[in-house]
Amino acid sequence: LAGRHTEAEWVLRQALAGQKGGDPRRKEMLLLELGRVLVRQGKTTEAGELFSKTLTVAERQGRRGLAANCRYFLGNIAFHEFRLDDATALHLQALGVRREKGTQVTTSLSALGAVALAQGNFPVSLAYFEEARELLARDKSEAEEAYALVGVGKAMSRLGDFAGAAPMLRRALALREGRDDTVGEAIARLSVAENLLQLDQPDQALIEARKAHFALSLVPPGEARADAEQLMGRIQLRLRRHDAALANLEEA
């Protein structure tokens, strides 16, 4: 996976080098895609500089849609760097423009839901994710609806409504299954497993967590794999299997 990202970065840089005097719209598309690839490689500082420069040009030219896209990606970088107030401000600015244009609204809503969840603003998070879910269900965009449903379920769980969260998370998993998206399906399954633990069903939770863990063992290690190990450790602690719990937590 890392090799593919490195190759993609090289191809995009070569394409950009050949764009001197070319179609400016194509150059913008290539710049945004290069920024995404840099983020996936963990090169967030370089990606942030790229999006900031593109944002400056977009604002100077009155390209509000492009500026909104840059702010969205800068908001994601701020979120991953735990600059949550900055992330909120950037995503709100992007959402304002996207609502006017009627494009990519649900992506911004879900991003704001994730930030609010990290800030502990659970009712606000639930409202953002629920609006995103309703719009995606209306448009029959099932793959993206699953992401919003996970957000709805997590926000409901933080508010203490574990039983209400269960069907949301089950629906998210059903939408993710069989879509050739190993990580997306595993994340949904981990959310179901955590919900089962909250509902005091640790044996069932362990079954789902192990399924997710096995799927994630077949792809390069990442944050989702660490989440799986940590959740399995918590489940093993509930089952009083302390040695197994320690092994999982150390691996996480």
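Notes on the structure follow. Being a predicted model, the structure only gives us computed values, none of them experimental. (Residues numbered from 1 in each chain as written. Predicted model: local features only at pLDDT ≥ 70, side-chain atom pairs only at ≥ 80, totals over all residues. Heavy atoms only, no water.)

### Quick word on the overall build of the chain
Helix and strand counts for the chain come out as 13 helices and zero strands. Element order for the chain, N to C, with α for helix and β for strand: α-α-α-α-α-α-α-α-α-α-α-α-α. Whereas a compact globule of 252 residues would reach a radius of gyration of roughly 18 Å, the chain reaches 20 Å, a difference of no more than 12%. C-alpha atoms of the chain, sized along the principal axes, occupy 65 × 40 × 30 Å. Counting all 252 residues of the chain, 42% fall into the buried class. (Helix = DSSP H or I, 4+ residues; strand = E, 2+ residues; numbered from the N terminus. Rg over C-alpha atoms; globule rule 2.2 N^0.38 Å. Buried < 20%, exposed > 50% of the residue type's maximum accessible area, 1.4 Å probe, protein only.)

### Here's the deal with helix α7 (residues 122-138)
With 17 residues, α7 should cover 24 Å at 1.5 Å per step; its first-to-last C-alpha distance of 24 Å lies within 8% of that length. Residues of α7 that are buried: Ser125, Phe129, Ala132, Arg133, Leu135 and Leu136. In the core, the buried residues of α7 are packed alongside α6 (105-119) and α8 (142-158). Two residues or fewer past α7, Lys140 is found with a positive phi of approximately 55 degrees. (Expected span 1.5 Å × (residues − 1). Contact = heavy atoms within 4.5 Å.)

### Overview of the pattern of salt bridges
The tally for this structure, following the rule as stated, stands at 18 salt bridges. Arg99 is paired through a salt bridge with Glu131; the nearest N and O atoms lie 2.9 Å apart. With Arg99 in helix α5 (residues 84-101) and Glu131 in helix α7, this residue pair connects regions lying 32 residues apart in the sequence. A residue is classified by how much of its surface remains accessible, and Arg99, at 41% relative accessible area, is partly exposed. By relative accessible area, Glu131 is classed as partly exposed at 28%. Salt bridges sharing common partners tie together Arg170, Glu177, Glu185, Arg189 and Glu208. (Salt bridge = Lys/Arg side-chain N within 4 Å of Asp/Glu carboxyl O.)

### A word on the environment of Gln41
Relative to the helices and strands, Gln41 resides in the loop between α2 (24-40) and α3 (44-60). Along the chain, Gln41 and Thr6 lie 35 residues apart, while their C-alpha atoms are 7.9 Å from each other.

### Focus: helix α9 (residues 162-176)
Its 15 residues place the ends of α9 21 Å apart at the C-alpha level, agreeing with the 21 Å of an ideal helix rising 1.5 Å per residue. Here α9 has its buried residues at Ala165, Ala166, Leu169, Ala172, Leu173, Leu175 and Arg176. For α9, the secondary structure elements touched by its buried residues are α8 and α10 (182-198).

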